[in-house]
Amino acid sequence: MDWRDHGILLTARRHGETAAIIEVFTETHGRHAGVVRGGASRKIAPILQPGAQLDVLWRARLQEHIGTFQVEPLRSRAAAAFSGRLALSGLNAVVALLSFCLPEREPHPGIYRQTEQLMDLLGQDEIWPLAYLRWELALLEELGFGLDLTRCAVNGTTEGLAYVSPKTGRAVSAEGAGDWADRLLPLPPVLRGQGAAPDDEIAAGLRTTGYFLAHRVAPSLGHTPLPEARARFVDQFTRRL
């Protein structure tokens, strides 16, 4: 059994004296693990950094085996990732969520392409948080927990949408919210692709997407908490408000 693909390195850990086990998010084979022989060596270890773009060749005797990877670097994102705390925490949040959320060996080409585009913006701190928020919205959609922000769930209006229902993921207008407003999640214009997307709106949007990641996605995976890397990124971002 063998295939070749390109993908984004999510994790790498030492295996034995000289090898490493890596997890790669590939375009056509999804999240996939394998052993890299010599992966702990001085020659290969620097290549196996989270976020790196790799060309990978996977081989195994049987499909269900973990198999081995041969890897060739296509693009390193280490310089961008280490350009500042926001970039590094953002990269860590992305790879942690992908490893946490995506089923093994299940292709998700749409979110793969958006992830690749997001990774290529690392280090551009003025635009990256907005791109990251849009990526989380896309991830929720990909996992079957997409938000419906087109019209009010209460009265059907498309005007004055100000909240998101934590139960349904649907928009609610200020008028439709009534006395329930304090129990609803914020719907800043940025979540609907409107306005200038100031940082405070992005932070409010991350509060809403974070709720659905924590209370819908995580329970569907066995009630495990979200990776702490996401909270560290949000904390790093909100410090600049």
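The structure under discussion appears in the preceding block.
Scope of this entry: the structure provided in the associated data block. (Residues numbered from 1 in each chain as written. Predicted model: local features only at pLDDT ≥ 70, side-chain atom pairs only at ≥ 80, totals over all residues. Heavy atoms only, no water.)

Section: the overall build of the protein chain
Part 1: Helices and strands together make up the secondary structure of the protein chain, namely seven helices and eight strands.
Part 2: Relative to the globule expectation of 18 Å for 241 residues, the C-alpha radius of gyration of the protein chain, 20 Å, shows essentially globular dimensions.
Part 3: When the backbone C-alpha atoms are referred to their principal axes, the protein chain occupies close to 60 × 40 × 25 Å.
Part 4: Evaluated residue by residue, the protein chain yields a buried proportion of 46% over its 241 residues.
Part 5: Counting only contacts in the protein chain whose residues sit at least 6 apart along the sequence, the fraction spanning at least 24 positions is 56%.
Part 6: By element, 50% of the accessible surface of the protein chain is carried by carbon and sulfur atoms, the whole surface being about 12,100 Å².
Part 7: Averaging the positions of the 26 positive and the 27 negative side-chain charges in the protein chain gives two centres separated by 5 Å. (Helix = DSSP H or I, 4+ residues; strand = E, 2+ residues; numbered from the N terminus. Rg over C-alpha atoms; globule rule 2.2 N^0.38 Å. Buried < 20%, exposed > 50% of the residue type's maximum accessible area, 1.4 Å probe, protein only. Contact = heavy atoms within 4.5 Å. Areas by Shrake-Rupley, 256 points an atom, 1.4 Å probe, with all protein chains shown as cover. Lys, Arg positive; Asp, Glu negative; His and termini not counted. Charge placed at Lys NZ, Arg CZ, Asp CG, Glu CD.)

Notes on the pattern of salt bridges
Part 1: Under the definition given, this model contains eleven salt bridges.
Part 2: Note that glutamate 27 is salt-bridged to arginine 113, the shortest N-O span being 3.5 Å. Note that glutamate 27 is positioned in the loop between strand E2 (19-26) and strand E3 (30-36) and arginine 113 in helix H3 (residues 109-119), a separation of 86 residues in sequence.
Part 3: Judged by relative accessible area, which is 42%, arginine 113 ranks as partly exposed.
Part 4: A salt bridge links aspartate 120 to arginine 77; its shortest N-O distance comes to 2.9 Å. Of this pair, aspartate 120 sits in the loop between H3 and helix H4 (128-142) while arginine 77 sits in the loop between strand E5 (68-75) and helix H1 (78-81), placing them 43 residues apart in sequence.
Part 5: Overall, aspartate 120 belongs to the partly exposed group, its relative accessible area being 39%.
Part 6: Here the salt bridges share partners, and the residues they tie into one network are Arg75, Arg77, Glu116 and Asp120. (Salt bridge = Lys/Arg side-chain N within 4 Å of Asp/Glu carboxyl O.)

Observations concerning unusual backbone geometry
Part 1: At arginine 105, a residue that is not glycine, the phi angle is positive and equals roughly 60°.
Part 2: Inspection of the secondary structure assignment puts arginine 105 in the loop between helix H2 (85-101) and H3.
Part 3: For arginine 105, a relative accessible area of 29% translates into the label partly exposed.
Part 4: Positive phi is not limited to glycine here, since alanine 197 has a value of about 55°.
Part 5: With respect to the element layout, alanine 197 can be found in the loop between strand E8 (185-186) and helix H6 (199-220).

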